[in-house]
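# Working through the structure, step by step
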Amino acid sequence: MTDITIQTQAALAAIAAADSLDALEALRLDTLGKKGWVSLALKTLGGMSPDERTAAAPAIQSARAAIAEALDAKKAALETAELDARLARETVDLTLPAQAAPKGSVHPVSQVMDELAEIFADLGFAVATGPEIEDDWHNFTALNMDETHPARAMHDTFYFPDKTSEGREVLLRTHTSPVQIRSMLAQGAPIRIIAPGRVYRSDSDATHTPMFHQVEGLVIDKDIHLGHLKWTLETFFKAFFEREDIVLRLRPSYFPFTEPSVEVDVGYSNEGGRRVVGGHGDAPGHAWMEIGGSGMVNARVLEFVGLDPAEYQGFAFGLGIDRIAMLKYGMNDLRAFFDGDGRWLAHYGFSPFDQPTLSVGVGAKA
Ligand code: PHE
């Protein structure tokens, strides 16, 4: 037997006998490691004449292959044994009293979505949904933002590499407005819906997270005007914040899909470092805070979905759910919403029995 064969057999025996992953690693270093004897033997091939190399190489190569295979097999076996031992060692005591287990709670965002649905249902709105993975036609084009529209670039969009079968870009929706398009295409007019859900933009700091929540509102009917929009938002916010002194300010603004467009501000005061909504924003000790965008649906958008702007008009709005949740329940950092910290959830979360209803109250905490 050659030296290589003897050495290989010794190594294979040692590998078979190894009783821990550490011991196995030491054997790997001894053989296939940078300074292991197999590696060193392979290096000597470089200094040989072609004839010598042809004679010596196969033995070294097959030693390396056999040892590598044995190391892999043994490693898998040791890992399985270790897992089995752990599974046998670690047990779950199912007889522990249930109180010791962590209690789940309803996230404030989910609670606020239920509150929204309850209030708007009372005003005759249905809840609509749409896909979070959208195409650029629904998210932009049909909302009067063609490929070259500068507003597209402002949306910090997450794109997918694929395209739809119609050749449209695929993206994570940047707002809930595409649900306007889907709802109008599916049911025509008249229409009265809200659409709460997740939206995505590549943005992150104390008041922006890459995923956040919006609620879209859409009303299409005959003879709808800006007064209906203002009344709807005011009525909603009075019910949502459960106070009568909510004052809204509509500020001229621009969105490609509404004309005219208005931004909505709500009056608030600072009480002990906490923002409390209510009162006129220009009153002493008060200020205005922006809570969303809205406007009359642009005639171009109605044409995109096949409605006649001479017959139908309507309004739309988009509110940040996380923002109005922060205002109502007093959180000051948006990022904590999505940390999944059990202490935060225990403090700000709701009991599943705490169903918001208009008769009991949409904000009462049991
Ligand atoms: N989609 C707009 C945004 O996300 C908000 C909006 C909705 C504005 C509906 C007007 C009408 O910024």
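The rules behind the values
Residues numbered from 1 in each chain as written. Predicted model: local features only at pLDDT ≥ 70, side-chain atom pairs only at ≥ 80, totals over all residues. Heavy atoms only, no water. Core = buried A, V, L, I, M, F, W, Y, C linked by side-chain atoms within 4.5 Å. Buried < 20%, exposed > 50% of the residue type's maximum accessible area, 1.4 Å probe, protein only. Helix = DSSP H or I, 4+ residues; strand = E, 2+ residues; numbered from the N terminus. Expected span 1.5 Å × (residues − 1). Bend = angle between axes of the 7 residues up to and from the residue. Contact = heavy atoms within 4.5 Å. Domains from an automatic or database assignment. Near = heavy atom within 4 Å. Polar contact = N/O pair within 3.5 Å; in protein donor to acceptor, adjacent residues only side chain to side chain. Areas by Shrake-Rupley, 256 points an atom, 1.4 Å probe, with all protein chains shown as cover. Pairing = 2+ DSSP bridges.

## Some details on the nonpolar core
Leu116, Phe236 and Phe237 are the most contacted members of the largest nonpolar core, which has 44 residues in total. Among the secondary structure elements, those contributing two or more residues to this core are helix 5 (108-122), strand 6 (211-221), helix 9 (226-241), strand 8 (258-271), strand 10 (286-297), strand 11 (313-320) and helix 11 (321-329). Core analysis: the next-biggest nonpolar cluster, separate from the first, contains 24 residues, Met145, Ala195, Leu218 and Val297 among them.

## Quick notes on helix 4 (residues 50-89)
In this model, helix 4 (40 residues) spans 57 Å end to end at C-alpha, consistent with the 58 Å of a helix rising 1.5 Å per residue. Ala56 marks where helix 4 bends most, by close to 35°; the proline Pro58 follows one to four residues later. In this structure, the buried side of helix 4 is in contact with helix 1 (3-17), helix 2 (21-31) and helix 3 (37-44).

## Concerning the domain arrangement of the protein chain
Here the protein chain is described as being made up of domain 1 (2-89) and domain 2 (108-348). When each unit is reduced to the centre of its C-alpha atoms, the spacing between domain 1 and domain 2 is 64 Å.

## Topic: unusual backbone geometry
Note the cis peptide between Ala189 and Pro190, where omega equals 0°. Here the amide bond leading from Glu259 into Pro260 is cis, since omega sits at 0°, within 30 degrees of zero. Counting through the fold element by element, Pro260 comes out in strand 8. A positive phi angle, close to 70°, is found at Asn144, a residue other than glycine. Along the chain, the position of Asn144 falls in the loop between helix 6 (136-139) and helix 7 (150-153). Phi is positive for Asp223, which is not a glycine, with a value near 60°. As for its placement among the helices and strands, Asp223 is situated in the loop between strand 6 and helix 9.

## Here's the deal with the site of the ligand
Residues in close proximity to the ligand total 14 residues, the closest being His175, Ser177, Arg201, Gln214 and Glu216. One nitrogen or oxygen atom from the side chain of His175 is found 2.9 Å from a nitrogen atom belonging to the ligand. Here a nitrogen atom of the ligand and a side-chain polar atom of Ser177 are 2.9 Å apart. A total of 330 Å² of accessible area belongs to the ligand in isolation, and the protein chains cover 90% of it. At the level of elements, strand 6, strand 10 and strand 11 are the ones that each hand at least two residues to the shell around the ligand. For the shell around the ligand, the element with the highest residue contribution is strand 11, accounting for three residues.

## A look at the pairing of strand 6
The side chains of a regular strand alternate, residue by residue, between the two faces of the sheet. Within strand 6, nine of the eleven residues are buried, which leaves it mostly tucked inside the rest of the structure. Bridge count for strand 5 (residues 191-200) against strand 6 is ten bridges, and the pairing is antiparallel. Within strand 6, the position partnered with Ile194 by the bridge is Gly217. The pairing of strand 6 with strand 11 spans eight bridges and is antiparallel. The residue bridging Gln214 from the neighbouring strand is Gly320, located in strand 11.

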